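As a plain string of letters, each chain reads:
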Amino acid sequence: MPLLFPLAPAPALRSVVAALGSPTAVREARTPSLRAAQGTTSVELPLPVHVLDHLVPASPTRLAGWRFVIRCGDQSVAAADTTPAPDGWKFSHFFEGPYIASTERAVLQAESLGTSYQARLLSVPELYMLTLWLHGDHTADPAEGSLDPTDLLIPLAPAPPGVAAHRPHQVGELLPALGHRLTRPASLTTTASLVTPASLTAPAPTSLTTPA
């Protein structure tokens, strides 16, 4: 079954396209690869960015924006974020870095799973962690929905200490383990921060090939 990408709000997509067509926006972006791109650029891989503010059971997520990958030919040169605005959505900024390539690798992993999921991004600020969130209800409104215990999370690189990037985990397995780390006494944090269940520290599968 395919990995399904939700349809991005038209104002969000238009704002990114407009920014790409603005020499000022591109010139001022801290993205050397985008500034140096030759040829036609395209806006691809729309992903809603949800935020999990608290690692507690049944904690809801909130939609913080939409992210797009900017490609020139067959190369990803940058990503673009949009944020909510009174009239819908607005362009926020371009950026580059390891999360772009890591996102694309995680998407390839997800497509090989043989199950239909809706693709999202989930940010966990308490751990400085970003994951590809594979939501089991692929017909859900991408702006809504809470984490289901059987949803999958693929931590992106760089991942927090003790969490293996690109190792898929069910929500019901990963979040309780991460929450346990946050509740450790402060005196144990520095010595125990890397001590996690074996399932969290196992190396990523070597059969999968790996921000711009």
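A.B. asks: Can you help me understand the overall build of the chain in this one?
C.D. replies: Counting its secondary structure elements, the chain contains seven helices and nine strands. For the chain, the residues scored as buried account for 45% of the 212 residues in total.

A.B. asks: What am I meant to see in the environment of leucine 130 here?
C.D. replies: On the secondary structure map, leucine 130 appears in strand S7 (residues 129-135). Accessibility expressed as a relative area gives 8% for leucine 130, which makes it buried. Linking leucine 130 and isoleucine 154, residues 24 residues apart in sequence, is a C-alpha distance of 8.6 Å.

A.B. asks: I'm lost on the pairing of S7 in this one. Help?
C.D. replies: Both faces of the sheet carry side chains from a regular strand, because those side chains alternate between them. Burial within S7 is extensive, with seven of its seven residues counted as buried. Along S7, one buried face is formed by Met129, Thr131, Trp133 and His135 and the opposite face, lined by Leu130, Leu132 and Leu134, is buried too. Pairing between strand S6 (residues 117-124) and S7: seven bridges, direction antiparallel. Within S7, the position partnered with leucine 122 by the bridge is threonine 131. Between S6 and the antiparallel strand that follows it, S7, lie four residues; tyrosine 128 among them carries a positive phi value of about 55°. Bridge count for S7 against strand S8 (residues 152-155) is four bridges, and the pairing is antiparallel. Its bridge partner being in S8, leucine 132 is matched across the sheet by isoleucine 154.

A.B. asks: What is the right way to read helix H4 (residues 98-111) from this model?
C.D. replies: Because an α-helix packs 3.6 residues into every turn, residues spaced three or four apart end up facing the same way. Relative to the 20 Å expected for 14 residues at 1.5 Å per residue, H4 spans 20 Å between its end C-alpha atoms, a close match to the ideal helical length. Among the residues of H4, Ile100, Ser102, Thr103, Arg105, Ala106, Val107, Gln109 and Ala110 are the ones counted as buried. Next to the buried residues of H4 lie strand S1 (3-4), strand S2 (41-51), strand S4 (75-85), strand S5 (88-95), S7 and S8.

A.B. asks: Got a minute to help me understand the environment of arginine 105 in this structure?
C.D. replies: Locating arginine 105 in the fold gives a position in helix H4. Between the C-alpha atoms of arginine 105 and leucine 156, which are 51 residues apart in sequence, the distance is 8.9 Å.

A.B. asks: Can you help me understand the pattern of salt bridges in this one?
C.D. replies: Oppositely charged side chains may form a pair once their charged atoms are brought near each other. Evaluated as defined, the whole model comprises four salt bridges. Here aspartate 53 ties to arginine 62 by a salt bridge, and the two come within 2.7 Å at their closest N and O atoms. The exposure class assigned to aspartate 53 is partly exposed, which follows from its relative accessible area of 29%. Arginine 62 gets classed as partly exposed once you look at its relative accessible area, which sits at 43%. For aspartate 81, the salt bridge identified is with arginine 67, shortest N-O distance 2.7 Å. With aspartate 81 in strand S4 and arginine 67 in strand S3 (residues 62-72), this pair connects stretches of sequence that are 14 residues apart.

A.B. asks: Even after reading the chapter, I still don't get the side chain of serine 59, so can you show me in this structure?
C.D. replies: Within the fold, serine 59 resides in the loop between S2 and S3. In this structure serine 59 comes out as buried when scored by relative accessible area, which is 11%. Here the side chain of serine 59 touches histidine 54 through a polar contact of 3.2 Å, landing on its backbone oxygen. Setting aside residues no more than four positions away along its own chain, serine 59 makes contact with Leu52 and His54.

A.B. asks: What is the right way to read the side chain of histidine 169 from this model?
C.D. replies: The residue histidine 169 is located in strand S9 (residues 169-170) in this model. There is a polar contact of 3.3 Å between the side chain of histidine 169 and the side chain of glutamate 173.

A.B. asks: Looking at this model, I keep getting lost on unusual backbone geometry. Mind explaining?
C.D. replies: Peptide bonds are trans in most cases, and residues, glycine excluded, mostly fall at negative phi. Put simply, alanine 157 and proline 158 share a cis peptide bond, and its omega is 5°. For proline 158, the location among the structural elements is in the loop between S8 and S9. In this model, tyrosine 128 sits at a positive phi of 55°, which is unusual for a non-glycine residue. Among the structural elements, tyrosine 128 can be located in the loop between S6 and S7.

What counts and what doesn't
- Residues numbered from 1 in each chain as written.
- Predicted model: local features only at pLDDT ≥ 70, side-chain atom pairs only at ≥ 80, totals over all residues.
- Heavy atoms only, no water.
- Helix = DSSP H or I, 4+ residues; strand = E, 2+ residues; numbered from the N terminus.
- Buried < 20%, exposed > 50% of the residue type's maximum accessible area, 1.4 Å probe, protein only.
- Pairing = 2+ DSSP bridges.
- Expected span 1.5 Å × (residues − 1).
- Contact = heavy atoms within 4.5 Å.
- Salt bridge = Lys/Arg side-chain N within 4 Å of Asp/Glu carboxyl O.
- Polar contact = N/O pair within 3.5 Å; in protein donor to acceptor, adjacent residues only side chain to side chain.

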